[in-house]
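If you want the building blocks of each chain, they are given just below.
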Amino acid sequence: YDLGAGAWLHVLPSHDAPVVAGRAAFLGGLLAEDAASSGLTNMLSSMWMRGTLGRSSADFSRAVENLAAEIDGFSRRTSLGMTFECTTHALEPVLDLFAEALLEPAFDEDELERERRDVLAAIDRRVDRLSQRAFLLFQRTLFERHPYRMAIAGERESVERFDVDAVAAHHERLIRRANLSLGVAGDVDPDAIARALSARLDALPA
């Protein structure tokens, strides 16, 4: 389905079980970073789960849990985005929460500091994980100048500098309709899910 302005939806219906899974992916990830912004995409995808303009982080998590659903952000080498999984009967309210997190993140200063502490702790733990150190050494040796040389979580020096404005600007840059591909599989009517997603993502900048 062509959702307009370059966004596409791919649907694979399967009615064997009353469950639905979806993924919204935007081109980005490490490809959208340099040494100064290393880890910024990972920070952005994590901040999606730390509250919206209408709900605190705790309230958002509680709303998702009450629907027995799962919504999460991801950041990879070439992409970032958001996923959802739910039962068929909970699809409509889950799509509401999915769109809310994607389009209306709060980017709260206190939540950013909490996420920063978690990321810095993970970066510090890399020192004791020989497999991670070996893989990072491999990346830096193979990709001398390409963004793939960097770690997805970033480096302590760059992560310590991130602020709310930097995360919000990264969101504004990447989270656009022309940069979006959507996939949905499960117990859905393809035309209905296309209409539902198109309506909820209508506010996404072209």
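Residues numbered from 1 in each chain as written. Predicted model: local features only at pLDDT ≥ 70, side-chain atom pairs only at ≥ 80, totals over all residues. Heavy atoms only, no water.

Asker: Quick rundown of the pattern of salt bridges? Include the residues and the values.
Answerer: Counted according to the given criterion, the structure contains 15 salt bridges. Ionic pairing is found between Asp124 and Arg156, a salt bridge with its closest N-O pair at 2.7 Å. Placement of Asp124 in helix α4 (residues 109-125) and of Arg156 in helix α6 (residues 156-159) is noted, with a sequence separation of 32 residues between them. Using a relative accessible area of 39% as the deciding quantity, one classes Asp124 as partly exposed. With its nearest N and O atoms 2.9 Å apart, the salt bridge here joins Glu155 to Arg140. Linking Glu155 in the loop between α5 (130-142) and α6 with Arg140 in helix α5, this pair joins segments that are 15 residues apart in sequence. Taking the relative accessible area as the measure of exposure, Glu155 reaches 23% and is therefore partly exposed. Overlapping salt bridges bring together Arg50, Glu111, Arg114, Glu115 and Asp118 as one network. (Salt bridge = Lys/Arg side-chain N within 4 Å of Asp/Glu carboxyl O. Helix = DSSP H or I, 4+ residues; strand = E, 2+ residues; numbered from the N terminus. Buried < 20%, exposed > 50% of the residue type's maximum accessible area, 1.4 Å probe, protein only.)

Asker: Could you give an account of helix α8 (residues 190-200), with specific residues and numbers?
Answerer: A turn of α-helix holds 3.6 residues, and therefore any two residues three or four places apart point the same way. Where α8 is concerned, the buried positions are Ile193, Ala194, Ala196, Leu197 and Arg200. Buried residues of α8 fall within an arc of 165 degrees about the axis and therefore sit on the same side. Away from its buried face, by an angle of more than 90 degrees, α8 presents the exposed residues Arg195 and Ala199. Elements that come into contact with the buried residues of α8 comprise β1 (2-4), β2 (7-13), α3 (91-103) and β6 (180-186). (Arc of directions from axis to C-beta. Contact = heavy atoms within 4.5 Å.)

Asker: I'd like a rundown of unusual backbone geometry, residues and numbers included.
Answerer: A positive phi angle, near 60 degrees, is found at Ala5, a position not held by glycine. Assignment of secondary structure puts Ala5 in the loop between β1 and β2. Even without being glycine, Phe107 reaches a positive phi, approximately 50 degrees. The residue Phe107 is located in the loop between α3 and α4 in this model. For Phe107, a relative accessible area of 11% puts it in the buried group.

Asker: Which residues make up the pairing of strand β3 (residues 19-27), and what values go with them?
Answerer: A one-sided burial pattern is seen for β3, the buried positions being Val20, Gly22, Ala24 and Phe26 and the unburied ones Val19, Ala21, Arg23, Ala25 and Leu27. Sheet analysis places β3 next to strand β5 (residues 79-87), joined by 9 bridges and oriented antiparallel. Counted as the bridge partner of Ala21 is Glu85 from β5. Bridge count between β3 and β6: 7 bridges; the pairing is antiparallel. Across the sheet, the residue bridging to Gly22 is Val184, located in β6. (Pairing = 2+ DSSP bridges.)

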